Amino acid sequence: MAGLLVIHSLEKRTKDSIIFPIFNLTIEKGDITAVYSTLNIRKVLLEIISGKTLASKGEIRINGVTIMENRNLFLSGVVLAFYEDGIYDRLKVRDYFSFYRAIYDSNQTIDQLLRITQLQDKQNQKIKTLTYSEKQRVRFGKQLLQHAELYIFEEPDLNVDVETRQVFIAITRRLQHEGKGVLILTGNLESALTIADQVLRIDESGLQQIPTEKGESDSILDDPMLEAEVQPFQLNKIPTKVNDKIVLFDPPEIDYIESNDGQSHIYSNGNLFTSASTLNELESRLEHFGFFRCHRSYIVNLQKVREVITWTRNSYSLILNNKEKTSIPLSKSKMAQLKDMLGMK
C-alpha cells in the first residue's frame, strides 16, 4: 500500500458502543485533507496514531510501517500537533525557536521561522506575555522545525484571530509545496472547507466525502424538490423547531444557514435552530431577501457580512458583523458571482 499515511480497515469499539466503524484513508505527498468529526472520535484516533491505545481492527501505516513493527520509524515520520501542545512560556520567542532548532537539528533559520509565523515584532517577548493566537503561532513554528513527511494537526485554528489563521493556511501551502502530507482533524466544518483540498466526515456511518467546489454551480431549478404550485399567498416567515415548539423567523433575523449531514441549521444571534427545509428550498425562499448561496453548504445574509477575506488564490471567507465575528466559507466560483453582485472587477 502506497502513501505517507495509510489507514486500512480501521475500527474502534468499546464494550457498549462503537467509536467509529471500519474506514480507509490514504494521504499522499502534497495532500491537504481535513477530517471533520466529534471530539471523541478525534481524541481516540490520535491516541491510536500515537500508540496510546489500540484499534479494535485494522492498521495505520506511516511511510509503510506500523507502530508495532517499528515504533521509532513510525513516529519519526509524523509530526503530531495536538491542540494546545505544551509550551515553555518563560522563554522568549527567539530563544524558544533556537532551543528547538538545536534539538531537532533543523536547517530552518530563526529569521525564516519568525517571518513564516509573523512573529518578528514579538521575537524578544516572553511567550507568557503573548496572546492565545500568538502562542499558537509559536507552536506552528516549533512544528515546522521537526523533520517529517506527514503533519497531523488537531484543531489548529480553533479560537485564533484572522492573522493566525492566515499564517496557518500559508504554512499548509508551504508544506504542500515541499511535498509533505497534511491531515487536519477538526470539529469546525467551515475551517475544514476553507483550508483543505479534500474534506471528509467520519461518524457512526463511517467515512464520507463532503462535496466542496464541484457541482456548486448546478442550478437549483434542476432540483425536483423545488417544483411546487404557485400559491396565492406566500408566508415569508421561516419555520424552525425547538423541542415541541415551532419558532418563526423573519428573514432579516437570520445570520446564516449551514447544511450539516443533510440537516439545515439556521443561526440567529449566536443561537442554532433546526429547519426541516433543505438548503435548496431555503435558498429559493430567501434569495429575494438578500441571502446568497456562498458555498455548497452555506447560505449567508449579505446584510450581515462585514468583510470578505482572501486566504489563498482559491480560498475565501465572509466575516459577519456579529460579536462572534463568525467566519463563513466562500467558494471560488461564488467569489466571482459576489464580485459581480457588488459591481467589483
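Scroll up to find the structure this text is about.
Because the structure is a prediction, the values reported are computed rather than measured.

Undergrad: Help me out: how do you make sense of the packing of aromatic side chains in this one?
TA: Any aromatic ring pair is given by two values, namely how distant the centres are and how the planes are angled relative to each other. The full count for this structure, using the stated rule, is 14 aromatic pairs. Pairing tyrosine 88 with tyrosine 96 gives two aromatic rings, centres 6.5 Å apart and planes at 70 degrees, and the pair type is edge-to-face. Residue classification places tyrosine 88 among the partly exposed positions, given a relative accessible area of 47%. Members of the aromatic cluster, connected to one another through ring pairs, are Tyr88, Tyr96, Phe97, Phe99, Tyr100 and Tyr104. Residue placement shows lysine 52 over the ring face of phenylalanine 82; its charged tip is 5.5 Å from the ring centre.

Undergrad: What is the right way to read the nonpolar core from this model?
TA: A general tendency of soluble globular proteins is for nonpolar side chains to be buried together. By size, the foremost hydrophobic cluster in this structure holds 53 residues, and its most contacted members are Val93, Phe97, Val138, Cys294 and Leu330. When residues in this core are grouped by element, the largest group, 5 residues, is from helix H6 (residues 162–177). The contacts of cysteine 294, once residues within four sequence positions are left out, are Val300, Leu318, Ile328, Pro329, Leu330, Ser331 and Lys334. Ranked by size, the runner-up nonpolar core spans 28 residues in total, among them Ile27, Val44, Ile49 and Ile60.

Undergrad: Explain the pattern of salt bridges to me, please; I cannot follow it from the model alone.
TA: Two side chains bearing opposite charge may form a pair once their charged atoms approach each other closely. Inspection of every chain in the model, using the stated rule, returns 17 salt bridges. Salt-bridge contacts for aspartate 261 lead to arginine 201; the nearest nitrogen and oxygen are separated by 3.9 Å. On the criterion of sequence distance, the pair formed by aspartate 261 in the loop between strand E12 (256–260) and strand E13 (263–268) and arginine 201 in strand E8 (residues 198–203) is long-range, its members being 60 residues apart. Of the charged contacts, one joins arginine 293 and glutamate 283 as a salt bridge, the two residues approaching to 2.7 Å between their closest N and O atoms. With arginine 293 in strand E15 (residues 291–295) and glutamate 283 in helix H8 (residues 279–286), this residue pair connects regions lying 10 residues apart in the sequence. Accessibility classification places arginine 293 together with glutamate 283 in one group, the buried group. Taken together, the shared-partner salt bridges in this structure form one network comprising Glu11, Arg13 and Lys57.

Cut-offs used in this document
- Residues numbered from 1 in each chain as written.
- Predicted model: local features only at pLDDT ≥ 70, side-chain atom pairs only at ≥ 80, totals over all residues.
- Heavy atoms only, no water.
- Phe/Tyr/Trp six-rings, centres within 6.5 Å; stacked < 30°, edge-to-face > 60°.
- Buried < 20%, exposed > 50% of the residue type's maximum accessible area, 1.4 Å probe, protein only.
- Lys NZ or Arg CZ within 6 Å of the ring centre and 35° of its normal.
- Core = buried A, V, L, I, M, F, W, Y, C linked by side-chain atoms within 4.5 Å.
- Helix = DSSP H or I, 4+ residues; strand = E, 2+ residues; numbered from the N terminus.
- Contact = heavy atoms within 4.5 Å.
- Salt bridge = Lys/Arg side-chain N within 4 Å of Asp/Glu carboxyl O.

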